[in-house]
Amino acid sequence: MTTATTSQPAFSPDQVSVVFVLGGPGAGKGTQCEKLVKDYSFVHLSAGDLLRAEQNRKGSQYGELISNHIKEGLIVPQEITLALLRNAISENLKVNKYKFLIDGFPRKMDQAVSFERDIVESKFVLFFDCPEDVMLQRLLERGKTSGRSDDNIESIKKRFKTFEGTSMPVIDYFETKSKVVRIRCDKSVEDVYKEVQDAIRDRL
Ligand code: UP5
Ligand code: MG
């Protein structure tokens, strides 16, 4: 008789601590992560930043694919992002860093399931909840200087559509597991950060 083998995550949440940081484009994920890194011993891994670095890496076979997906506001196939995150986690573990803020990931259900099945189960999810008009203003403002290929009105609209249709179901899924810490972020950076600190105090 054959028995089905169930795959185990590479790490237990006791060894490696992962907090997912989710929210719409321009909600302030990166801004708040930077502040958390200063005050707590987290490593900040932005999936978008990892993808942009891979896109610009000389000799990358994925450069063009990543570039097209980002401009169109589409989700890059999960294998690429998972490999980048797995590598970044491994590199940090070598230097005894075990606490991660994973920013902008998972943004599609397959990524959420694969990451928690193969790498490690998340501790909780910080969800930055922000009205679309506020995010739009922030991104258009940032677009004046950011040089990001997706900070223009056409790409921003596509990013919003992907967020609503593809990424919100991930938040809903984590809600069913009571893992979501929801933060309103249409207020100043400092006020948002106070709410973040209050909300995570009991969870760390
Ligand atoms: N700002 C921030 N907070 C503010 C506040 N409280 N008050 C006033 N201004 C505030 O902030 C955005 C701007 O707003 C900044 O100018 C900031 O100063 C200001 P930021 O902190 O950068 O917001 P963030 O939520 O990080 O916005 P970002 O644009 O990075 O979000 P996205 O989720 O769209 O971008 P990301 O880099 O994560 O992904 C880009 C693309 O990569 C995706 O669209 C997708 O194509 C691809 N991708 C994948 O395919 N797979 C992944 O797993 C991840 C990404
Ligand atoms: Mg960001």
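So, here is what we can say about the structure in this document.

Calculation notes
- Numbering of residues starts from 1 in every chain and runs along the sequence as written.
- Note on labels: chains are lettered from A, ligands numbered from 1, in written order.
- Totals for whole chains, interfaces and linings use every residue, but because this is a predicted model, local features are given only for residues with pLDDT of at least 70 and side-chain atom pairs only at 80 or more, for both listing and counting.
- The basis for the side-chain values is all heavy atoms of the structure; hydrogens and waters are excluded.
- The rule for pairing is simple: two strands pair if DSSP sees at least two bridges between them.
- Per the convention used, a helix needs a DSSP run of H or I reaching at least four residues, while a strand needs a run of E reaching at least two, with both numbered from the N terminus.
- A fitted line through C-alpha atoms represents every axis, and for helices the fit uses only the stretch in contact; the resulting angles, taken between N-to-C directions, go from 0 to 180 degrees.
- Residues count as neighbours in contact if any of their non-hydrogen atoms are within 4.5 Å of one another.
- Salt bridge, as used here: a side-chain nitrogen of Lys or Arg that lies within 4 Å of a carboxyl oxygen of Asp or Glu.
- Think of it in three bands: residues with accessible area under 20% of the maximum for their type are buried, residues over 50% are exposed, and the middle band is partly exposed, with areas taken using a 1.4 Å probe on protein chains only.

Right, let's get into the sheet that holds strand E2 (residues 43–46). Overall, parallel pairing links the 5 strands, which are arranged E2-E3-E1-E4-E5 in an open sheet. Taken across any chain shown, the strands that pair with only one partner, and hence form the sheet edges, are E2 and strand E5 (180–184). Sheet twist, expressed as the mean angle between neighbouring strand axes with direction ignored, is 20°. Bridge count between strand E1 (residues 17–23) and strand E3 (residues 99–103): 5 bridges; the pairing is parallel. Bridge pairing in E3 places Phe20 opposite Ile102. Here helix H8 (residues 189–200) sits on the sheet in contact with strand E4 (124–129) and E5, set at roughly 160° to E5.

So, about the pattern of salt bridges. A side chain with one charge can pair with a side chain of the opposite charge if their charged atoms come near. Taken as a whole and assessed by the stated rule, the structure comprises 19 salt bridges. When the shortest N-O distance is used, the salt bridge between Lys94 and Glu91 registers 2.9 Å. Here Glu91 and Lys94 lie together in helix H4 (residues 78–94), a separation of 3 residues that amounts to about one turn. Since its relative accessible area comes to 60%, Lys94 is described here as exposed. Across the pair Lys194 and Asp191 runs a salt bridge, and its minimum N-O distance is 3.5 Å. With Lys194 and Asp191 both in helix H8 and 3 residues apart, the pair spans about one turn of that helix. Relative accessible area serves as the criterion here: at 37%, Asp191 is assigned to the partly exposed category.

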